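Topology and contacts: notes
This is what each chain is made of:
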Amino acid sequence: MSARPRTLGASVLLGLLAAVVTGPTGDSDEPLRAAWDSIADVRIVLFLGLAVALWLVLVLGPRLRGLVAAVTAPPRRRLTAATLTMTARRSVAAAGRRGRTVAVGGGLLAVAVVAPLVVSTAAQQSMVNDIGIYALLALGLNVVVGYAGLLDLGYIAFFAIGAYATAYFSSSTAMPWHAPFVLNPFFVFPIALILAALAGVVLGAPTLRLRGDYLAIVTLGFGEIIHLVANNADGITGGARGAFGVPHLSVHLAGVDYAWGIDPLPYYYLLLVIVVGVMVAFGRLERSRIGRSWAAIREDEIAAEATGVATLRMKLLAFALGASVSGFAGVLFASKQFFNPQSFSLQASFFVVAVVIFGGMGSRLGVVVGAVVLQGLAFYLRDKVQPADRYIYFGAVIVVMMIFRPQGLVPSRRRRREIELSEAGVGAADSLGSATPTVVRP
Amino acid sequence: MGFLDQFWQLSVDGLMVGSLYAVIALGYTLVYGVLQLINFAHSEVFMLGSFGGLFAARALLPGDGSVPGGAGSIALVAVGLGAGAACGGLAAFTLERVAYRPLRRRAAPRLAYLISAIGASLFAVNLAGKEFGRQNVDLPDLFHNGTVFRLFGAAVSTQTLVIFAVAVAMLVGLDRLVAGTRLGQGIRAVAQDADTAVLMGVNVERIIIVTFVVGGLLAGAGGFLYAMTFNASYSMGFVPGVKAFTAAVLGGIGNVRGAMLGGLLLGLVESYGGYLFQASYKDVIAFGVLVAILMIRPSGLLGERLGRAA
Amino acid sequence: MGAGFGRVFGGLGASSTSGGGVGSAVPGARRPGPGEDAAADLVVEARDLCLRFGGVTSLDGVSLRQRRGEILAVIGPNGAGKTSLFNCLTGAYRPQHGTVTFWPTPDRPAQLVGRRPHAITRLGVARTFQNIRLFPALTALENVQVGIEMRQRYGPLSAVLGLPSARRAERDGVRRALELLDLVGLAHRAHEVAASLPYGEQRRLEIARALGTGPSLLLLDEPAAGTNPAEKRDLAGLIGRIAATGMSVLLIEHDMGLVMSLATSVAVLNFGRVIACGTPAEVQRDPAVIEAYLGVGDDGPDAGGATGKELR
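The rules behind each value
Residues numbered from 1 in each chain as written. Chains lettered and ligands numbered in written order. Predicted model: local features only at pLDDT ≥ 70, side-chain atom pairs only at ≥ 80, totals over all residues. Heavy atoms only, no water. UniProt positions renumbered as here; feature names shortened; annotations may be inferred. Helix = DSSP H or I, 4+ residues; strand = E, 2+ residues; numbered from the N terminus. Buried < 20%, exposed > 50% of the residue type's maximum accessible area, 1.4 Å probe, protein only. Contact = heavy atoms within 4.5 Å. Areas by Shrake-Rupley, 256 points an atom, 1.4 Å probe, with all protein chains shown as cover. Rg over C-alpha atoms; globule rule 2.2 N^0.38 Å. Patch = residues over 30% accessible without salt bridge, like charges linked within 9 Å, V, L, I, M, F, W, Y side chains within 5 Å. Salt bridge = Lys/Arg side-chain N within 4 Å of Asp/Glu carboxyl O. Domains from an automatic or database assignment. Buried area = accessible area lost by both parts, 1.4 Å probe. Polar contact = N/O pair within 3.5 Å; in protein donor to acceptor, adjacent residues only side chain to side chain. Nonpolar A, V, L, I, M, F, W, Y, C, P; charged D, E, K, R; others polar. Phe/Tyr/Trp six-rings, centres within 6.5 Å; stacked < 30°, edge-to-face > 60°. Lys NZ or Arg CZ within 6 Å of the ring centre and 35° of its normal. Lys, Arg positive; Asp, Glu negative; His and termini not counted. Charge placed at Lys NZ, Arg CZ, Asp CG, Glu CD. Core = buried A, V, L, I, M, F, W, Y, C linked by side-chain atoms within 4.5 Å. Pairing = 2+ DSSP bridges. Axes fitted to C-alpha atoms, helices over the stretch in contact; angles between N-to-C directions. Arc of directions from axis to C-beta.

Going by an unreviewed UniProt entry, chain B carries the name High-affinity branched-chain amino acid transport system permease protein BraD and comes from Frankia canadensis. Of chain B, the UniProt comment under Subcellular location (unreviewed entry) reads exactly: "Cell membrane". The annotation that UniProt attaches to chain B under Sequence similarities (unreviewed entry) is "Belongs to the binding-protein-dependent transport system permease family. LivHM subfamily."

Have a look at this one:
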């Protein structure tokens, strides 16, 4: 029974921490002042109240859960042969659920079409720059994290490559360094796609041979280097002041003349089309032999290799594919608005990871929902806390999700099953074991 | 002023910084040895230790801006080291409890640990930024810094000497701890085979937490030393963190002596490289070293075994 | 002791040691002359394989030949190097010395040492694992599909665009996978998650997956380990049916009943060396084999283990 006071202590500490997080901002002259002010305030009553409430829930949880279980399904099931068989039955039933999926998808799409019409212009801007772009980025990173089971912490670097490629090819004034000709940004899409994929291959090919977690740190360094170069190479990228005057997207084809402009709505609908298109495309990929190979690699890399799956090549494919989506999004971003190296910081990379994790890795709808919710949270917090402070909350969200709901908000069925099974000691749920576990050279 | 004229000075500077990398690298290597896990949030442990040491030493400084001397200096440095280590140890303990242990309890996939660590790191960096401001914070001089002696014409300052001496003392201490004590035996046992260690009666949970805390103590003290030469800031952890990780990989991750060797080597390479190319490319050089080792000899110079080569 | 040995070898009486076995010769060593004719129908030949881990020698000059279409069983006490041999054949380990030649078709020999495992599988060597390694969260059908689809050519773009070639390949894959599931008797389980299948069915699913890769040589690592007598009978029947299609099967097995009833020839490994090779009847008369199994103490538990299994 010593667990109860300990739980109370932990809850109170958590409450104090929450008070400090939401409290006033301090500075280095009086380092503990801000924290003290946060605690020695009336608000502390609220936080301690919440802490005690949390404790009560935790302590009474088992009993409450019994009550709740009568109303809804229990939140976590123990894994037994019986549940496994049930999981199996459910997957049979999944085929019949296709119709419902289409209906839900249609409903969500309708909401997505109507939503921007009923919000402020500022919110519309955010729906393009933040939600739309990050949904696209998250869909790309999902291929790396969700499908291939790898971790890319420099993902935003490919986004930067796309954005700077747009500035280079589509404008002679945006950066000091520019192409000898000027292209319509639409033509930069394929170029950026290929450039980003190439960068991905160059970075991934040597690294993916090694342990999977080395990829994380190499991409981390790569992201930082791209950021540093963008920031410091004044003569090439324009340095910290960024790239100005990249033209908006425009179409002049077969009598159709249309130019996207300041108004966010046309960009929003373009993005919506692209995001839905990418979701459909990746859905097909996931259900193809390629998606199955990725699943095989995640679940048992040695067996996958022995079954003839070229594991290295498939991982590289996922990595390059993710990178190319990021490069593609970079073009959209650059043609939409002014940008500077700040847009490509390490934190931006971490934020995309947060979106994928929060939404549910491996789940296309999940990562889009993740982008909506987290960027929605960021938008909501924009007047309430300093922009940089928002990352405190995102960091906390990541940890909390990993502890309580690693499969994410809208999990992929297969991913959740993998996590459950691997936690029960059957198979794996990522590719972070040694990358070449099968070749032992004594 | 050719490279050769500067060689000894660059070596002295490189060794000093390298000894700090080595101290931080031990945290990565210890945790990796025991859990086969890159502790991505270790750089934040370093950052928090740095702030802790800095604030503690600053609070005890006479307010008039004068530089103490003699016993006063020694006491201040000792307090700074102690406070830094304490903060680092506490941060590492909290990190393990909050971000790792719940995952370990349910045998989560390894990806989950990495992501959880990134979340914790994001949280800690930005909370520090919020609480302590987002500018660089300088530590006032704690002693009269002058040239103590010359080594082949290279000036060795008091500060360099203090940092190097303390770092080497910590390295030797840790080496003794891992190689020669019961605790170290436990750490090595868990590193070699956690399952068997459990059967042999080793309290693995305790070993893990102790490993984190020991890494945190070192990183925190190292953070204070780092703040003494450079400064402290909320985002200070990232670059030394990546470099220390590089040092750990260079020496062979999971290998304690390897991490020490890797740190010193990396410090030297970076120091020479920064002179030969441009100081602003130091970070790029370190990263280049990382990629090069991963391609050429991913198991590091001394091989990857905490269990054996400690 | 003699009775125990008899049970090991499938209930046949303890043999009088005739001494006429192949014991001392290194079986499968190349003999010049007309023996070359025999090489024409070999499916795999390992020559002088040496594998060491640090100070431990796991294979010590192993040579082995298998003719196309035969069931060759590799037996031997635990730790004799059987699985190491498998791992060298499939690219999981790289031996320090020796070669492995594989003939996907009689006229196209290929060198296996130095290739990555997936490349070897592509050449036509498929395997199962001693401790079953399925893709646990995929369905039985999907598990087999992975094996079949590694030979398919369509790329990510065709998949995304849903090109007819990709759709056709997909349909063909499912059909073939269902056929294979039917062959191993799991058609009714096609849409169940692999981890939810009973043990014996998981064994058979693993074989179906291996067959999906379209092998000309099938390596089975202790397929009967941990199965009950009924499952074991099914399994023997299945292996027999697979071999009847002309497939070459290389089998590691502890269960002597299974080995003696299925194998066309048997190689015995002990301490990383081939100590005997021949027909089942020849091998079980071989004094070196009898000694290895009944041994002088140190292999006792292993032989006992095998006996115990047979007794069960």
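1. What to know about the overall build of chain C
From N to C terminus, chain C includes 13 helices and 10 strands. By residue count, 55% of the 312 residues in chain C fall in the buried class. Looking at chain C alone, contacts between residues at least 24 apart form 70% of all its contacts between residues at least 6 apart. For chain C, the computed accessible surface area is about 12300 Å², with 55% contributed by carbon and sulfur atoms.

2. What to know about the overall build of chain B
On a plain count of helices and strands, chain B comes out with 12 helices and two strands. Each helix and strand of chain B, placed in order from N terminus to C terminus, yields the pattern α-α-α-α-β-β-α-α-α-α-α-α-α-α. Taking 2.2 N^0.38 as the reference for a compact globule, 310 residues should give roughly 19 Å; the C-alpha atoms of chain B span a radius of gyration of 19 Å, in line with that estimate. A principal-axis box enclosing the C-alpha atoms of chain B has dimensions of 55 × 45 × 35 Å. Out of the 310 residues belonging to chain B, those deemed buried represent 59%. As displayed, chain B offers around 11700 Å² of accessible surface, 64% of which is attributable to carbon and sulfur atoms.

3. A look at a nonpolar patch on the surface
There is a patch of nonpolar side chains on the surface, built from Leu109, Val113, Val114, Leu117, Val118 and Val119 of chain A and spanning about 490 Å² of accessible area. Look at valine 113 of chain A and you get partly exposed, because its relative accessible area is 35%.

4. Quick look at the domain arrangement of chain C
All names here are of chain C. The domain boundaries assigned to chain C delineate domain 1 (2–124 + 217–223 + 248–311) and domain 2 (129–214). Contact with domain 1, which involves 10 residues of that partner, is made by 10 residues of domain 2. Roughly 810 Å² of surface becomes buried between domain 1 and domain 2 when both sides are summed, with 54% attributable to carbon and sulfur atoms. For domain 1, the biggest contributors to the area lost against domain 2 are Arg122, Leu218 and Asp221; these three give 50% of the whole. The interface formed by domain 1 and domain 2 holds zero salt bridges in total. Across the domain 1-domain 2 interface, the total number found is six residue pairs in polar contact (both at pLDDT 80 or more). Taken together, the elements giving at least two residues each to the side of domain 1 that touches domain 2 come down to helix H4 (117–123) and strand S7 (217–221). In terms of residue class, the side of domain 1 that touches domain 2 is made up of four nonpolar, three polar and three charged.

5. A word on the packing of aromatic side chains
In total, this model carries 34 aromatic pairs over all chains according to the counting rule given. Consider the rings of phenylalanine 158 of chain A and phenylalanine 222 of chain A, whose centres lie 5.6 Å apart with planes at 35°: the pair is tilted. Pair noted here: phenylalanine 158 of chain A is in helix H7 (residues 156–170) and phenylalanine 222 of chain A is in helix H9 (residues 212–232), with a separation of 64 residues, a long-range link. Accessibility classification places phenylalanine 158 of chain A together with phenylalanine 222 of chain A in one group, the buried group. Between tyrosine 100 of chain B and phenylalanine 212 of chain B the ring centres are 5.4 Å apart and the planes differ by 45°, which places this aromatic pair in the tilted class. With tyrosine 100 of chain B in helix H3 (residues 71–105) and phenylalanine 212 of chain B in helix H8 (residues 204–229), this residue pair connects regions lying 112 residues apart in the sequence. Classification of phenylalanine 212 of chain B by relative accessible area gives buried; the value is 3%. Members of the aromatic cluster, joined through ring pairs, are Phe159, Tyr164, Phe333, Phe339 and Phe344 of chain A. For arginine 289 of chain A, the ring lying beneath its charged end belongs to tyrosine 154 of chain C, and the centroid distance is 5.3 Å. Across the ring face of tyrosine 380 of chain A, the terminal group of lysine 384 of chain A is positioned such that the distance to the ring centre comes to 4.1 Å.

6. Let's talk about the pattern of salt bridges
Tallying each qualifying case throughout the model produces 33 salt bridges over all chains. When the shortest N-O distance is used, the salt bridge between aspartate 221 of chain C and arginine 127 of chain C registers 3.9 Å. A residue pair is termed long-range when its members are at least 10 positions apart, and aspartate 221 of chain C in strand S7 and arginine 127 of chain C in strand S6 (residues 125–127) qualify at 94 residues. Relative accessible area serves as the criterion here: at 8%, arginine 127 of chain C is assigned to the buried category. By sharing partners, the salt bridges in this structure join Glu96, Arg101, Arg104 and Glu205 of chain B into a single network.

7. Brief notes about a positive patch on the surface
Together, Arg98, Arg284 and Arg287 of chain A together with Arg167, Arg168 and Arg171 of chain C give the surface a local cluster of positive charge. The greatest single-element share of the positive patch, amounting to three residues, is contributed by helix H7 (residues 164–183) of chain C. Among the secondary structure elements, arginine 284 of chain A is positioned in helix H11 (residues 264–286).

8. Notes on the nonpolar core
In terms of nonpolar packing, the biggest core is built from 228 residues, with Phe158, Trp294 and Phe339 of chain A together with Phe40 and Leu142 of chain B touching the most fellow members. Non-local contacts of phenylalanine 158 of chain A, meaning those with residues more than four positions away in its chain, are made with Asp152, Ala196, Ala199, Gly200, Leu203, Phe222, Phe319, Ala323, Ser326 and Gly327 of chain A. Membership of the second largest hydrophobic core comes to 49 residues, among which are Ile148, Ala177, Val249 and Ile275 of chain C.

9. Overview of the sheet that holds strand S9 (residues 265–270) of chain C
All names here are of chain C. Ordered in space as S6-S7-S8-S3-S9-S10, the six strands form an open sheet in which the pairing is mixed. Each edge of the open sheet is held by one strand with a lone partner, namely S6 and strand S10 (273–278). Along the sheet, successive strands turn relative to each other by an average axial angle of 20°, direction set aside. Bridge analysis of S9 against S10 gives five bridges, and the strand direction is antiparallel. Each bridged residue has a counterpart across the sheet, and for leucine 269 the counterpart in S10 is valine 274. In the packing of helix H8 (residues 199–212) onto the sheet, the strands contacted are S6 and S7, and the crossing angle to S7 comes to about 155°. Against the sheet, helix H9 (residues 229–244) makes contact with strand S3 (71–75), S7 and strand S8 (248–252), and its axis sits at roughly 150° relative to S8, the strand it touches most.

10. With respect to the sheet that holds strand S2 (residues 56–67) of chain C
Ordered by their spatial adjacency, four strands build an open sheet running S2-S1-S4-S5 (chain C), and the pairing between neighbours is antiparallel. Where the open sheet ends on each side, the last strands, each with one partner, are S2 and strand S5 (110–111) of chain C.

11. A closer look at the interface of chain A and chain C
With 41 residues of chain A at the interface, the matching set in chain C holds 46 residues. In total, about 3700 Å² of surface goes out of reach between chain A and chain C, with carbon and sulfur atoms giving 60% of it. At the junction of chain A with chain C, the criterion picks out five salt bridges. Measuring nitrogen to oxygen at the nearest pair gives 2.8 Å for the salt bridge that ties aspartate 300 of chain A to arginine 133 of chain C.

12. With respect to helix H6 (residues 182–192) of chain B
Taken residue by residue, H6 of chain B has Gly184, Gly186, Ile187, Val190 and Ala191 of chain B as its buried positions. The buried residues of H6 of chain B occupy one face: seen down the axis, they fall within an arc of 155°.

13. Details of the pairing of S2 of chain C
Residue and element names in this part refer to chain C. Bridge analysis of strand S1 (residues 42–53) against S2 gives nine bridges, and the strand direction is antiparallel. Note that in S2 the partner of valine 44 across the bridge is glutamine 66. Linking S1 to S2, which pair antiparallel, is a turn of two residues; within it glycine 54 sits at a positive phi near 55°.

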